[in-house]
Amino acid sequence: MPDCCFYVTLLLCLGTVRSQSIANGFFAEAGTNPGFYTRINQKGLDLMADYLKDRVIRFLHAGDLSFNVTSTISPETKMSLRAEKLEEFEEKTFESRLESQAGKGLLWTGKNLNLTVQTTFTIETAAGELLGTAPMLIENADVEFLLWTGLNSDGHLKTDLVTCKVSGGSGSLQLASTDIAQLGEDWGVVQENLNQNLDQVLCPTFHAELVPVISNRLLNTPLSASLFDQFFMNYGLLAPVQFEDGEIMMKHRGNAFGILRQGRTRLNDFRLPFRAGPLDPQTDSGRMVDIVIGNYTLSSLLFWMDQYRKFDYEISKTAQNNSALAGYLRTDCGKDDICAGTIFPALKERFPNGMVVIKSHTSSYPKVVITEGKARVFVETKIDAYVQQTERTRRFLQCNMAAEVKYDEPKFQDYVFKSKLRIDKFKLTDVTSSVDGIDANSLEFLVNALIELVLNDEMAEKMKGIAFPIIFDFDQQSVDVSFEKDRLRISVDYCYGTKCQVKTEESRDGNVDYYDQVTG
């Protein structure tokens, strides 16, 4: 290996070691279970390889191959070679492969590269100096990148080049016979040197054109993200990125958290009252990307939503802009109407011309249970009911309610999981009322009506989305979202350009060619 390549490789390796040393501070303590896994399989890497092939074809057809190489072959012999114009590229023979190798990283190979480049050369020998222009043929060369994904000092995942080399194939200057005769015995040495230094000819351009694209499209993510309101998701890794044969796997901390708030009855730090249980990533689904999520991740978000009283309610004339509901809460109404006073006649007698106000607050944080085909949230609340009259408000009822809330219509788009929450079942207990005729059975009718009128509509909008790390940034083509025992599995296929069967949404910045405009 030439000295310059050795030092470049050494510096890149030292940089990777330093980044990894810094990154160790971002990993969770030993023994912590992941909240979710992310995985890219060979099918996804094949799509990336196709994309890189298209990129190579594009920049080579545009003539974007540049190099300016100076080599000292011996004390008496030196050669300088500069690219002037790419004259020919055999597109049909070129192949692109990308694979994950266990413990090593990502290996991209551009195989069977055949080029003709017009060059300007200077060859100095003991016999004198030879100047001129000549085509250079590169035949059946393989360009190889070894890449590694690590954490920057700011905790951001980034894929960078470790080494670039050119193997196989040959490079030769097509000098005129008079030039070859002038060089004499030095001609063979010049040709051999050129073959040994093809990496200096090809690697700079391939690096500049491909590595930024790989870094942007693959495993380019911060390790936390804003969700909605004041809630965030921690993507922190439990260990370095795992490069295995045929797949890339990451174990994420996967807990939601909220901006700190003060208060005696609310937590004011990031700790959760539960830990992540064991989570099995299971086998490859066959889709390009798998995200396997445990109930810990879902539970942690619901926990923080509860800390901010997202599951506390007030049902009253002023809290909801709903005329039908306002009429329903009256203690007095027409004989043909239905209201609280007709459901509970004793309420009308004791509190005439009043308006019912119902307030609820959770008595413990929500619990998530995921089983085959469904996910449920169990919420326990305490309910207080009051009647507002002209000059005073008096409580007339207290009870407990255990509600079973379902995840309905789960969807995944652009790395955001969304689902509507819907109250499916409930049970009232410990009903205490100062009004005759109000018990758990009679109260059930009123609660059912309120669920249909108000609560389910409000509950459906609470889960505004859980954003997951963008580890493979292409257009989403198809997705499977399934609830399995103790986990949620999201499996996705991606595409780009003409490989997409249907037109998908443009990239988030509105520029579909964003990644194709990256320059070195």
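The structure presented is a predicted model; accordingly, all values stated were derived computationally and were not measured.

Peer 1: Before we move on, could you go through the overall build of the protein chain and cite the residues and values that matter?
Peer 2: From N to C terminus, the protein chain includes 10 helices and 23 strands. When burial is assessed residue by residue, the protein chain has 49% of its 520 residues classed as buried. Expressed as a percentage of contacts within the protein chain between residues at least 6 apart in sequence, the contacts between residues at least 24 apart total 70%. Summing over all exposed atoms, the protein chain offers an accessible surface of approximately 24900 Å²; the carbon and sulfur share of this is 47%.

Peer 1: Which residues make up the sheet that holds strand β9 (residues 224-226), and what are the values?
Peer 2: Pairing within the open sheet is antiparallel, and its three strands lie in the order β9-β10-β13. Two strands lie at the open edges of the sheet, namely β9 and β13 (255-258), each paired on one side alone. Averaged over all adjacent pairs, the angle separating strand axes in this sheet is 25°, with direction ignored. As defined by bridge partners, strand β10 (residues 231-234) adjoins β13 across four bridges and the pair is classed as antiparallel. The partner of M233 across the bridge, within β13, is A256. In this fold helix α6 (residues 295-307) packs onto β10 and β13, with an angle of close to 15° to the strand it touches most, β13.

Peer 1: Any chance you could break down the packing of helix α2 (residues 42-61) against helix α5 (residues 198-217) for me, citing the residues and the numbers?
Peer 2: Between two packed helices, the angle of one axis relative to the other and the distance separating the axes together describe the packing. Running from N to C, α2 and α5 point in directions that differ by 145°, and their axes come no closer than 11 Å. Considering the relative orientation of α2 and α5, their crossing is right-handed. For the pair α2 and α5, contact is made by M48, Y51, L52, R55, V56, F59 and L60 and by T205, F206, E209, L210, V213, I214 and R217, respectively. By residue class, the composition of the contact of α2 with α5 is 10 nonpolar, one polar and three charged.

Peer 1: Before we move on, could you go through the pairing of strand β4 (residues 95-101) and cite the residues and values that matter?
Peer 2: Side chains S96, L98 and S100 project from β4 onto a buried face, and the interleaved E95, R97, E99 and Q101 project onto a face without burial. Bridge analysis of β4 against strand β5 (residues 105-125) gives seven bridges, and the strand direction is antiparallel. Paired with E95 across the bridge in β5 is K111. Linking two consecutive strands that pair antiparallel, namely β4 and β5, is a turn of three residues; a positive phi of about 75° is found at G103 within it.

Peer 1: Go over the state of the cysteines, please, and point to the residues and values.
Peer 2: For the coordinates displayed, the defined rule picks out three disulfides. A sulfur-sulfur distance of 2.0 Å marks the disulfide that ties C164 to C203. As the torsion about the S-S bond is roughly -85°, the C164-C203 disulfide counts as left-handed. Note that C164 is positioned in strand β7 (residues 157-167) and C203 in helix α5, a separation of 39 residues in sequence. By the burial criterion, C164 is buried, and C203 matches it. Here C495 pairs with C500 through a disulfide, and the sulfurs are 2.1 Å apart. Between C495 and C500, the S-S torsion sits near 105°, and that sign places the bridge as right-handed. Like C495, the residue C500 is buried in the burial classification.

Peer 1: Tell me about α5, and please be specific about residues and values.
Peer 2: End to end, α5 covers 28 Å across 20 residues, agreeing with the expected 28 Å (1.5 Å per residue, within 8%). Taken across its 20 residues, α5 has 17 buried, putting it largely inside the fold. Following α5 by one or two positions, L219 has its phi on the positive side, about 55°.

Peer 1: Tell me about the pattern of salt bridges, and name the residues and values.
Peer 2: Summed over all chains, the structure comprises 19 salt bridges. One salt bridge in this structure joins K111 and D142, with 3.3 Å as the shortest N-O distance. With K111 in strand β5 and D142 in strand β6 (residues 128-151), this pair connects stretches of sequence that are 31 residues apart. Of the residues examined, D142 reaches a relative accessible area of 13% and is grouped as buried. Salt bridges here are not isolated pairs; linked through shared partners, they connect K43, R287, D480 and D493.

Rules and cut-offs
Residues numbered from 1 in each chain as written. Predicted model: local features only at pLDDT ≥ 70, side-chain atom pairs only at ≥ 80, totals over all residues. Heavy atoms only, no water. Helix = DSSP H or I, 4+ residues; strand = E, 2+ residues; numbered from the N terminus. Buried < 20%, exposed > 50% of the residue type's maximum accessible area, 1.4 Å probe, protein only. Contact = heavy atoms within 4.5 Å. Areas by Shrake-Rupley, 256 points an atom, 1.4 Å probe, with all protein chains shown as cover. Pairing = 2+ DSSP bridges. Axes fitted to C-alpha atoms, helices over the stretch in contact; angles between N-to-C directions. Left-handed = near helix turned anticlockwise from the far one by under 90°. Nonpolar A, V, L, I, M, F, W, Y, C, P; charged D, E, K, R; others polar. Disulfide = S-S within 2.5 Å. Expected span 1.5 Å × (residues − 1). Salt bridge = Lys/Arg side-chain N within 4 Å of Asp/Glu carboxyl O.

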